[in-house]
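# A look at the structure
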Amino acid sequence: MKYLFILGRNSELSKEEVRAFMEKEENKILFEKKEKNALFLETKNPIKKEVVDFLGGTISIGEVLEEGTWKELFTKLDKKQIYLGESNKLNYLIWNFSEDNSYNQISDYLKARFRSEKLKATEKHASGFIKTQEGEEVRNLRSPNVEEEFFIFGDKNKIYFGKIIQKCDYEKIELRDTKKPVRRPELSISPRLAKILINLSQVKQDETLLDPFCGIGVILQESLLQNISVVGIDRDKKAIDGCKQNLIWFNFDKNKYKILNSDSTKINLAEKFSGIATEPDLGTILKKTPTPNEAKKTLEDFEDLMIKVINNFKKNLKPNSKIVFTSPLIRLHTGKRISCNGERISNATGIKIAPGFPIDEFREGQIVGRQIFVLNR
Ligand SMILES: C[S@@+](CC[C@H](N)C(=O)[O-])C[C@H]1O[C@@H](n2cnc3c(N)ncnc32)[C@H](O)[C@@H]1O
């Protein structure tokens, strides 16, 4: 099974999310290759329907239809039905993750092909470019209204051609985020990032995830949507009340969640959890860049908080579970970004940082961005 995952603006983080998701699903990755914001995967089993809804960092998923050198590819495609729709009018789009001149080859082929099939086919183009966090320019990920999206990936020795089969439903996500009764935009994590943290934790359906800094419950809501049971804790009574209202609004089964107004550095719980996913306090909201000493103090306070909380819940974590959390990534006036000392947290808790982490997650201009940590219990 060969697929192409078109990733969002932080493609390194999104790649790790896809890997963690596949491992959780026990779908072995046989081969992978990343090119800009596209991740090519060969998997042992077919992926499930609507996987894209579970992933926070994937825009679309495509399935490879044919592969080979250009000559081989066109010979194979000549024998294959490419457009399966019924209307004789077709708007389509081509994603090019191959060398630049490849685009013309496939574009010309499809034009000639659809003309020969008497289709009124029009190739549309994604509007403009966006910059990924890695600084690469990629085509705008929100594609115009089209009936079909095709892609090419690879190089002239082996080109993969395929079709997009699953697309992220932005509107649905935006609706559930903006329509819920209690919102706290300045402090809340986006549903997209919440899903990434949940997937990195690899907690499965019907297992229980802990969010010790749950706020108004975005991580809880996204977990419950995946049928994961949750326990949420926050020391702020107002946030807990808001969280309860939100989860009731979603109409989740009350047996699947427990919300506690308490201090996560002290509360003593008996339950066992399969993982933690959380966004702790990242320090005060800054309007201007802090001095190096102020930033250092924020980071040390953060480390102290995390050490206390992790040590408090260590006994509650099942073997092999993961602790996923965001931490502050602070921009100084020089433009340099500084982050907390993960080794200190790891040494003081005896829990190792997973290979490849932390990963930065920030937007240009943002004073406090994030680093994403995964620790392996
Ligand atoms: C960045 S917010 C979490 C946002 C959350 N993901 C949401 O969707 O609303 C951090 C939360 O941690 C809570 N908090 C800070 N220290 C805490 C502690 N020691 N125990 C429990 N909650 C704490 C704060 O009250 C705040 O609501």
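Everything below is about the structure printed above this text.
To keep things clear, this report deals only with the structure shown in the data block. (Residues numbered from 1 in each chain as written. Predicted model: local features only at pLDDT ≥ 70, side-chain atom pairs only at ≥ 80, totals over all residues. Heavy atoms only, no water.)

## A word on the packing of helix H7 (residues 218-225) against helix H8 (residues 237-250)
- Remark: H7 packs on H8, axes separated minimally by 10 Å, with the N-to-C direction vectors making an angle of 25°. In terms of orientation, H7 and H8 fall into the roughly parallel class. In the packing of H7 onto H8, the handedness of the crossing is right-handed. Of the residues in H8, those touching H7 at Leu220, Gln221 and Leu224 are Cys243, Leu247 and Phe250. (Axes fitted to C-alpha atoms, helices over the stretch in contact; angles between N-to-C directions. Helix = DSSP H or I, 4+ residues; strand = E, 2+ residues; numbered from the N terminus. Parallel < 35°, antiparallel > 145°, perpendicular 65-115°, else oblique. Left-handed = near helix turned anticlockwise from the far one by under 90°. Contact = heavy atoms within 4.5 Å.)

## Considerations on helix H6 (residues 191-201)
- For H6, the buried fraction is high: 10 of the 11 residues fall into the buried class.
- Taken as a whole, H6 has its buried residues at Pro191, Leu193, Ala194, Lys195, Ile196, Leu197, Ile198, Asn199, Leu200 and Ser201.
- At the C-terminal side of H6, Gln202 shows a positive phi close to 60°. (Buried < 20%, exposed > 50% of the residue type's maximum accessible area, 1.4 Å probe, protein only.)

## What to know about the state of the cysteines
- A full pass over the atoms with the stated rule returns zero disulfides.
- Here Cys243 is not disulfide-linked; the sulfur of Cys214 is the nearest cysteine sulfur, at 4.3 Å.
- We classify Cys243 as buried; its relative accessible area is 0%. (Disulfide = S-S within 2.5 Å.)

## Digging into unusual backbone geometry
- Of note, the bond from Phe357 into Pro358 is cis; its omega dihedral lies within 30 degrees of zero at 5°.
- Mapped onto the secondary structure, Pro358 falls in the loop between strand S17 (352-353) and strand S18 (359-361).
- At Gln202, a residue that is not glycine, the phi angle is positive and equals roughly 60°.
- The phi torsion at Asn227 lies on the positive side, around 65°, for a residue other than glycine.
- Along the polypeptide, Asn227 turns up in the loop between H7 and strand S12 (229-234).
- According to the relative accessible area criterion, Asn227 is partly exposed, its value standing at 35%.

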